Amino acid sequence: MAEPGNNEARLAGTSGEADTRSAQLTQRLAVVKHRIEAATAAAGRTDAPRLIVVTKFHPADDVRRLSALGITDVGENRDQEAAAKAAELAGMDLRWHFIGQLQSNKAKSVAKYASSVQSIDRLQLVDALAKAIAREQDATGRNDLDCFIQVSLDDDAGAHRGGAAPEAVGELAERIESAAGLRLSGLMAVAPLGADPEEAFARLAGISEALRGDHPDATGISAGMSQDLEAAVKFGATHLRIGSDILGSRPAVG
Ligand SMILES: *Cc1c(COP(=O)(O)O)cnc(C)c1O
């Protein structure tokens, strides 16, 4: 994608770096929204999937810029980074979605800012989140936590990108439903590397259908990233998690 140059900065009225970045985010966001609209129309869907912009590794200032562009849902995958950004941007109209591997001892921190946790993959984490949310609700009256069970779509355990085995979804769902401050939203998945995303998301749609048989309200399907959002929309994604196609490539992890 073309980098916006000085023209945009001048058009914005100043030559500041911040204005160039806002122009870049505006342009990339428009392209992604257009892709989502086209995919939604192609799938014959009338329900628009919700866009979660994944801001991991990018500064709080970028979240501010996105908020000014109308974005309300942001995704993060590391507690330390997410907690700092959420604290810095407290008071803004933002929902924080936790989408990364989560250690149980971070549940207490995540309960302070997260609107959803999309990476629930084991019973112990459900218990830790239930306890942390109960405490937080006593202290602040916060909302129930939206919970997505992350399901692994890998056949090959060696290529694992996280998530519970499909066979474990039922028990995890029961545990979430039985916890007072947790709301079972649905499923989350990442398409396996090197596999056909349509095949993966078709499989996810089947697992979701089975889950909804027992839990009719658990309609959420969080699937689709920059590379495969069209396939995800085609197979019923209700939430898309888009990072690099909006924010650009992430700096290498140090
Ligand atoms: C980073 C991340 C994304 C966003 O991926 P992009 O390819 O940058 O769009 C989505 N989901 C999860 C779980 C992630 O870790």
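Residues numbered from 1 in each chain as written. Predicted model: local features only at pLDDT ≥ 70, side-chain atom pairs only at ≥ 80, totals over all residues. Heavy atoms only, no water.

Q: Explain unusual backbone geometry residue by residue, including any values.
A: One non-glycine residue with positive phi stands out, namely Phe57, at about 75°. Positionally, Phe57 belongs in the loop between β1 (50-54) and α3 (60-68). (Helix = DSSP H or I, 4+ residues; strand = E, 2+ residues; numbered from the N terminus.)

Q: Kindly report on a negative patch on the surface, identifying the contributing residues and their values.
A: Negative charge collects at one region of the surface, where Glu171, Glu174, Glu177, Asp214 and Asp217 lie side by side. Here the negative patch takes three residues from helix α7 (residues 169-177), the largest share from any one element. Looking at the secondary structure, you find Asp214 in helix α8 (residues 197-214). Using a relative accessible area of 62% as the deciding quantity, one classes Asp214 as exposed. (Patch = residues over 30% accessible without salt bridge, like charges linked within 9 Å, V, L, I, M, F, W, Y side chains within 5 Å. Areas by Shrake-Rupley, 256 points an atom, 1.4 Å probe, with all protein chains shown as cover. Salt bridge = Lys/Arg side-chain N within 4 Å of Asp/Glu carboxyl O. Lys, Arg positive; Asp, Glu negative; His and termini not counted. Charge placed at Lys NZ, Arg CZ, Asp CG, Glu CD. Buried < 20%, exposed > 50% of the residue type's maximum accessible area, 1.4 Å probe, protein only.)

Q: Lay out the confidence of the model for the chain with the relevant residues and their values.
A: Of all residues in the chain, 90% have pLDDT values of 70 or greater, and the mean over the chain is 92. Predicted confidence for residues 1-14 stays below pLDDT 50, and this span has 17 contacts to residues more than four positions away or in other chains. (pLDDT = per-residue confidence, 0-100. Contact = heavy atoms within 4.5 Å.)

Q: I'd love a proper account of the pairing of strand β4 (residues 114-120), names of residues and values included.
A: The element β4 is largely enclosed, with a buried count of seven among its seven residues. Sheet analysis places strand β3 (residues 95-98) next to β4, joined by three bridges and oriented parallel. In the sheet register, Phe98 faces β4, and the bridge partner there is Val117. Considered for its hand, the β-α-β crossover made up of β3, helix α5 (residues 107-113) and β4 is right-handed. Bridge count for β4 against strand β5 (residues 145-150) is three bridges, and the pairing is parallel. From the neighbouring strand, Ile120 faces β5, where its bridge partner is Ile149. Crossover connection from β4 via helix α6 (residues 123-140) to parallel β5: handedness right-handed. (Pairing = 2+ DSSP bridges. Right-handed = clockwise from strand over helix to strand, strands pointing away.)

Q: Run through the environment of Asp217, naming residues and quoting values.
A: Structurally, Asp217 is set in the loop between α8 and β7 (220-222). With near-sequence residues (within four places) excluded, Asp217 lies in contact with Leu184 and Ser185.

Q: Help me get a handle on helix α4 (residues 79-88), residues and values and all.
A: Residues Asp79, Glu81, Ala82, Lys85 and Ala86 constitute the buried set of α4. Along α4, the residues classed as buried sweep out an arc of 165° about the axis, all on the same side. Facing away from the buried side of α4 by more than 90 degrees, the exposed set consists of Gln80 and Ala87. Where α4 is buried, its residues touch α3, β2 (73-76), β3 and α5. (Arc of directions from axis to C-beta.)

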